[in-house]
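Observations on the three-dimensional arrangement
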Amino acid sequence: MGEIIVVTSGKGGVGKTTTTANIGTALASEGLRVVLIDTDIGLRNLDVVMGLENRIVYDIVDVVNGNCRLKQALIRDKRFESLYLLPAAQTKDKTAISPEDMEYLCKEMKDDYDYVIIDCPAGIEQGFYNAIAGAEKAIVVTTPEVSAVRDADRVIGLLESSDLRNPKLIINRLRPRMVRQGDMMDIEDIVDILAVELLGVVQEDDRIIVSTNRGEPAVMNLVSPAGEAYRRIARRIRGEEVPLMHLEESYGFMGRLRKFMGLC
Amino acid sequence: MLIDCLNRVLGKAAPNSRIHARERLRLVLVHDRAKMSPYFMNKLKEDLYSVITRYVVADADKLEVVLNQSDRVVELKTSIPIKKIRRDYLERTKKTS
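To keep things clear, this report deals only with the structure shown in the data block. (Residues numbered from 1 in each chain as written. Chains lettered and ligands numbered in written order. Predicted model: local features only at pLDDT ≥ 70, side-chain atom pairs only at ≥ 80, totals over all residues.)

**So, the overall build of chain B**
Along chain B, the regular secondary structure elements total four helices and four strands. Here chain B holds 97 residues, and 2% of them are scored as buried. In chain B, 49% of the contacts between residues at least 6 apart in sequence involve partners at least 24 apart. (Helix = DSSP H or I, 4+ residues; strand = E, 2+ residues; numbered from the N terminus. Buried ≥ 20, exposed ≤ 12 C-beta atoms within 10 Å, placed from the backbone. Contact = placed C-beta atoms within 7 Å.)

**Structural notes on the pairing of strand 4 (residues 83-86) of chain A**
All names here are of chain A. Burial of strand 4 is two-sided: the residues L83 and L85 facing one way and the residues Y84 and L86 facing the other way are all buried. Relative to strand 4, strand 2 (residues 34-38) runs parallel, the two being bridged by four bridges. Bridged to L36 within strand 4 is L85. Of the pairings in the sheet, the one linking strand 3 (residues 75-76) to strand 4 comprises two bridges and is antiparallel in character. Across the sheet, residue R76 finds its bridge partner in strand 4, namely Y84. From the end of strand 3 to the start of strand 4, which pair antiparallel, there are six residues. (Pairing = 2+ DSSP bridges.)

**Details of the environment of R214 of chain A**
For R214 of chain A, the location among the structural elements is in helix 10 (residues 207-214). C-beta crowding within 10 Å serves as the criterion here: with 11 such atoms nearby, R214 of chain A is assigned to the exposed category.

**Focus: the sheet that holds strand 5 (residues 115-119) of chain A**
Strands pair in a sheet through their backbones, by hydrogen bonds, and they do so in one of two ways: parallel or antiparallel. Residue and element names in this part refer to chain A. Spatially, the eight strands line up as an open sheet ordered 3-4-2-5-1-6-7-8, and their pairing is mixed. Looking at strand neighbours, the two that pair on one side only are strand 3 and strand 8 (197-203), the edges of this open sheet. Looking at chain direction, strand 6 (residues 137-142) and strand 7 (residues 168-174) are connected through four bridges and run parallel. Pairing of V140 across the sheet is with L169, part of strand 7. Along the sheet, helix 5 (residues 99-110) makes contact with strand 1 (3-8), strand 2 and strand 5, crossing strand 5 at roughly 155 degrees. Of the strands in this sheet, strand 7 and strand 8 are in contact with helix 11 (residues 225-237), which crosses strand 8 at around 160 degrees. (Axes fitted to C-alpha atoms, helices over the stretch in contact; angles between N-to-C directions.)

**Here we look at unusual backbone geometry**
All names here are of chain A. Phi is positive for D163, which is not a glycine, with a value near 70 degrees. Position of D163 among the secondary structure elements: in the loop between helix 7 (146-161) and strand 7. Given 8 C-beta atoms within 10 Å, D163 falls into the exposed group. With a phi close to 60 degrees, R173 is a non-glycine residue in the positive phi region. Topologically, R173 is positioned in strand 7. Its 22 C-beta neighbours within 10 Å are what place R173 among the buried residues.

Limitation: the analysis is restricted to geometry and does not speak to function.
See below:
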């Protein structure tokens, strides 16, 4: 029996899709069976972040409308055999599927996969309610900014009133140097304000942009601090107790050497 | 002083914008959370009324409970028109003292 997790945030651009791609890839790299669902209909992106955009034949709306079977729409990842993507439709809008459709899809996949990870669209309209309909657990992604944390708070309230209690928090794009200088909210500030359990902290990392450019999730890059943070998050999702990273001190030997030589 | 000037010239933000962020967020969330569910304010009003009526006879229709924001704090302002003070309460306190 698999776990169905929705990745949400309220505010756009805080890293939901990157988080979905990286957690999914990290879990699949451990041999677990994972399916990622992009529910951002009309603005699909998970396919490009995963580097699978050229392989799409059918999408989630095709499945819901009965144009194809679920198995036909699932795209198998080229690097990890046990990783699949169910892409969003690009030409339709959020009303093309319903919460009942999502519940049905999640139920269909629950037995065949260890993790079903749903990438939620930004906002709190129909698309949000579709994305969370079939989920059993929720992850809320925020960045250390007033606007993002405010939206996260709103989303946490909505999740709880939709019976997704105890969502877990990922603080993304933290800049340790700015925190040290007193110019960015710290982990404690945010956790204290939102009063939810922390799942992980991902520091700002230029390699995320490089990895998105290439369509290779950062967890595949062994020197990327963000990749390391996501690998740890994946292990926590599996139930392991993993300490938080020492921020900015976790580049590894090669990373430190490169930094020392001014290469990054 | 000199460092402050230099920082300003270099376009650096005033120190500790973290504190600003935290405080502004705290205030904004007081409002957000209170307004997010009408249930919250109504329930608060109801519970306040039930406590107050142990001591006074209040006019339930004119009971007002609002959030007021000044610069630094959000305060809960209540206006409770009282019809009379309960005698039985006064008597009870006399006995115990």
